Amino acid sequence: MINLKNLRGMVDLLPAHTQGWQKVESIALEHFRRAGLQEIRTPIIEQTELFSRVIGENTDVVGKEMYSFDDRGGRSCTLRPEGTASVARSIVQHGLLNNGPQRLWYRGPMFRYERPQAGRQRQFHQIGVEFVGLASVMSDAEVISIAWNFLKDVGLNDLTLEINSLGSNEDRNIFKEELKDWLNQRFDLLDEDSQKRINVNPLRILDSKNKSTRELLSDAPSLNDFLSNESKTRFDYLQELLVNLKIPYEINFNLVRGLDYYSHTAFEITSDHLGSQATVCGGGRYDGLISELGGPQTPSIGWAIGMERLIILAGNKILQSKSPDVYVIHKGEKAEKLALEVTCQLRLSNLIIELDYSGSSFSKQFKRADKSRAKWALVIGEDEASKGQLLMKKLRDKQKDEVSREYIFSKEDLDELIKKLID
Ligand code: ATP
Ligand code: MG
């Protein structure tokens, strides 16, 4: 017997869940609209080189997690593991910066070959923002505020914003050498993964999840002590702006983020309710990225939110489907015709209409109407149909003293019917 199933870590988003996703996405879109952001859509597949160059050969994403394959022409292609690299490529390729700074958003599936667990999938979805061509610390604060306000608006409380400064490339290079020396002196005490990273990506060891490595690191040199005065001033000003915006934050000197392209501001928004996959939003400044792709030196900052984790946090409330305004009950051939006609007409007035298809008895159809949690039932029998009449019955929100509320309308008086339905 054929038994085809989805691939591990690639998840079907079933109808019971899509309305919740749409709701969250529409809140995001509203926040982006108010902030004057424009959407960009790039292909899901890119040349492998884009990611290895931009994200960095020695990162987990490029080293272990990419879905790469040769196409029929022998080119190495990769399913995008994140959005920023493609957005930056597209900006450079189409010279978008000639029109001035770009304030963009994107959404879509991303692919990483990871061990699937709650809040971690192989195909997952991100919604993200990129401000490209803005150097001011104000843009760091604005970008963070867009993420923060959006998450709050979705109804998430108990969020923690963690920030850090990774300094300039220069600051970081000096620090890297110091850290390498310090780690090499304690090589035997490190976990195996961290031992492998010392020479290729020592900063990543700082956010190791290994418990004994974490304990050891509490005495390690801190990047913060290696920041130039300029970098420090920047970081202080960011904090001042966040205080001013009443966005609470914590400083986490070990927050380095997984990708190579960050500098200065790095931030994450986490929640205690996500277990070990605690980060719902990650972002930072990437001033070197556009020039790495052959564009001009362009200061930039952005973030990405993991939709699956966001939906887990938003909980069942957001996933509930909207119930119909009207459930249309009908019996008989003439009634069926009228029912379909009225259904289509009412939908043009923005009402949510569910049409019964069971053909069963009125009482059974009423039971279905009740189950759908519709506010009204529109009832059309052969009798009504031949008179061109519609009977409307209120199913919910009845006043205490009324048994039921019924109205009879002529087919021509749909406007009056709609008025009744809307108040
Ligand atoms: P993590 O440390 O959890 O692996 P990350 O640093 O790799 O996260 P980013 O590359 O910063 O993640 O991506 C931004 C956001 O995308 C994350 O904060 C998370 O919400 C989400 N995300 C990343 N990888 C996955 C995944 N495999 N499944 C679901 N969501 C993910
Ligand atoms: Mg990861």
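Residues numbered from 1 in each chain as written. Chains lettered and ligands numbered in written order. Predicted model: local features only at pLDDT ≥ 70, side-chain atom pairs only at ≥ 80, totals over all residues. Heavy atoms only, no water.

Colleague: For the overall build of the protein, give the residues involved together with the corresponding values.
Modeller: In terms of helices and strands, the protein carries 16 helices and 16 strands. Relative to the compact-globule value of 22 Å for 423 residues, the protein shows a C-alpha radius of gyration of 28 Å, a clear excess of over 25%. Each principal axis of the C-alpha distribution contributes one length, and for the protein these read about 90 × 60 × 45 Å. Taking all 423 residues of the protein together, 51% fall into the buried category. (Helix = DSSP H or I, 4+ residues; strand = E, 2+ residues; numbered from the N terminus. Rg over C-alpha atoms; globule rule 2.2 N^0.38 Å. Buried < 20%, exposed > 50% of the residue type's maximum accessible area, 1.4 Å probe, protein only.)

Colleague: Outline the pairing of strand E5 (residues 102-111), listing residues and values.
Modeller: When you tally the buried positions in E5, you get 8 out of 10 residues, the bulk of the element. Where strand E1 (residues 38-39) meets E5, 2 bridges bridge the pair, whose relative direction is parallel. Within E5, the position partnered with Glu39 by the bridge is Trp105. Pairing analysis gives 10 bridges linking E5 to strand E6 (residues 123-132), with the strands arranged antiparallel. Across the sheet, residue Phe111 finds its bridge partner in E6, namely Gln123. (Pairing = 2+ DSSP bridges.)

Colleague: Go over the sheet that holds E1, please, and point to the residues and values.
Modeller: On the basis of which strands lie adjacent, the open sheet formed by 8 strands has the order E1-E5-E6-E11-E10-E9-E7-E8 and mixed pairing. With partners counted over all chains shown, the strands left at the sheet margins are E1 and strand E8 (250-251), one partner each. Sheet contacts for helix H5 (residues 137-153): E6, strand E7 (159-165), strand E9 (263-271), strand E10 (279-285) and strand E11 (300-306); angle to E11, the most-contacted strand, approximately 15°. (Contact = heavy atoms within 4.5 Å. Axes fitted to C-alpha atoms, helices over the stretch in contact; angles between N-to-C directions.)

Without other data, these values stay purely geometric and don't point to any function.
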